[in-house]
Amino acid sequence: MVDDTTRIETVTGDITRQDDLDAVVNAANAQLMPGGGVAGAIHRAAGAELMDACRPLAPISPGQAVVTPAFGMPNRWIIHCLGPRFGIDEPADTLLADCYRNALKLTAQYDIQSVGFPALSTGAFGYPFREAAVVAVQAVEDMLETLSEPPRLIRFVFFSEVDQHAFDDVLRAG
Ligand code: AR6
């Protein structure tokens, strides 16, 4: 059962435009450098200082999460997660769940009350969307039971309404 102090919501939008959230999660690469997709958008929005902050924290391994300030982004923090590359990093489901679990552990450490997640690994890393959604929902719900001070708000941010609706279906079934 989800801790009833945490609201879980979904939106269609851009992860770099979630102005009301304390932190957003980056779908990072191992070097924590700009790339395509979410990582490219976040580095563009945050500015060059983000690269300097990331350099000493890299490389990270699949499932790992690290925190930096958000610089030019409207949020306070960025939590960088390296999702598994589907078909390469195994076990993919455990590594993807680790991303969500480790990100939520960091929210407790940094007093992050609201956090936005993109659909980690479902773009360039090729994780089938619905399977990734099942892992994400399960991992978040499990983690909320173990955190003594979970965030007030978890927002899943999708680039398309199709993705949002697919995720909503999994969330309702969860
Ligand atoms: N806001 C919200 N969602 C987005 C945005 C955005 N601005 N841009 C893309 N998505 P991806 P990954 C969706 O590829 O699969 C990078 O090049 C997208 O539709 O960003 O974990 C890095 O450098 C998809 O559903 O992350 C890594 O090398 C989801 O976000 C690698 O890609 C994740 O897509 C990471 O791959």
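Here the structure is a predicted model, which is why all the values come from computation and not from measurement.

Undergrad: For this particular structure, what's the right way to read the site of the ligand?
TA: Close to the ligand lie 20 residues; Asn29, Gly36, Val38, Thr122 and Gly123 are nearest. At 2.9 Å, a backbone N or O of Ile15 approaches a nitrogen atom of the ligand. The separation between an oxygen atom of the ligand and a polar main-chain atom of Val38 is 2.8 Å. With 4 residues, helix H1 (residues 37-46) is the largest single contributor of residues to the shell around the ligand. Of the residues in the shell around the ligand, the class split is 11 nonpolar, 8 polar and 1 charged.

Undergrad: What should I look at first to understand the pairing of strand E4 (residues 77-81) in this one?
TA: With respect to burial, E4 is a largely interior element, 5 of its 5 residues being buried. Where strand E2 (residues 23-27) lies against E4, 5 bridges are found, and the strand directions are parallel. Note on E4: the bridge partner recorded for Val24 is Ile78. Sheet topology places strand E3 (residues 65-69) next to E4; 5 bridges connect them, and they run antiparallel. Bridge pairing in E4 places Val67 opposite Ile79.

Undergrad: Teacher, can you tell me more about the pairing of E2 here?
TA: One face of the sheet, then the other: side chains in a regular strand alternate in exactly this way. Most of E2 is tucked away, with 4 of its 5 residues classed as buried. Note: E2 against strand E5 (residues 114-117), 2 bridges, orientation parallel. When the sheet's bridge partners are listed, Val24 is paired in E5 with Gly116.

Undergrad: What am I meant to see in the side chain of Thr107 here?
TA: When you line up the elements, Thr107 lands in helix H3 (residues 92-109). Side-chain polar atoms of Thr107 contact the backbone oxygen of Leu104, separated by 2.6 Å. Contacts of Thr107, omitting those with residues within four sequence positions, involve Ile79, Ile112, Val115 and Pro151.

Undergrad: Mind showing me how you'd approach the nonpolar core here?
TA: Within soluble globular proteins, side chains that are nonpolar generally end up buried alongside one another. Grouped together as the largest cluster of nonpolar side chains are 36 residues, with contacts concentrated most on Ile79, Tyr100, Val115, Phe117 and Phe156. Contributing elements (two or more residues each) for this core: E2, E3, E4, H3, E5, helix H4 (129-146), strand E6 (153-158) and helix H5 (161-173). The element that contributes the greatest number of residues to this core is H4, accounting for 10 residues. Excluding its chain neighbours within four sequence positions, the residues that come into contact with Phe117 are Ile15, Val25, Tyr100, Ala103, Leu104, Ile154, Arg155, Phe156 and Val157. Of all hydrophobic cores here, the second largest spans 18 residues; its members include Met33, Ala46, Leu50 and Met73.

Undergrad: Would you mind going over H3 with me for this structure?
TA: For the α-helix, the turn length of 3.6 residues means that residues three or four positions removed from each other point alike. Its 18 residues place the ends of H3 26 Å apart at the C-alpha level, agreeing with the 26 Å of an ideal helix rising 1.5 Å per residue. Residues of H3 that are buried include every one of Ala92, Leu95, Leu96, Ala97, Cys99, Tyr100, Ala103, Leu104, Leu106 and Thr107, and no others. Buried positions along H3 lie against E2, E3, E4, E5, H4 and E6. Residue Asp111 follows H3 closely and has a positive phi angle near 55°.

Quick notes on the rules
- Residues numbered from 1 in each chain as written.
- Predicted model: local features only at pLDDT ≥ 70, side-chain atom pairs only at ≥ 80, totals over all residues.
- Heavy atoms only, no water.
- Near = heavy atom within 4 Å.
- Polar contact = N/O pair within 3.5 Å; in protein donor to acceptor, adjacent residues only side chain to side chain.
- Helix = DSSP H or I, 4+ residues; strand = E, 2+ residues; numbered from the N terminus.
- Nonpolar A, V, L, I, M, F, W, Y, C, P; charged D, E, K, R; others polar.
- Buried < 20%, exposed > 50% of the residue type's maximum accessible area, 1.4 Å probe, protein only.
- Pairing = 2+ DSSP bridges.
- Contact = heavy atoms within 4.5 Å.
- Core = buried A, V, L, I, M, F, W, Y, C linked by side-chain atoms within 4.5 Å.
- Expected span 1.5 Å × (residues − 1).

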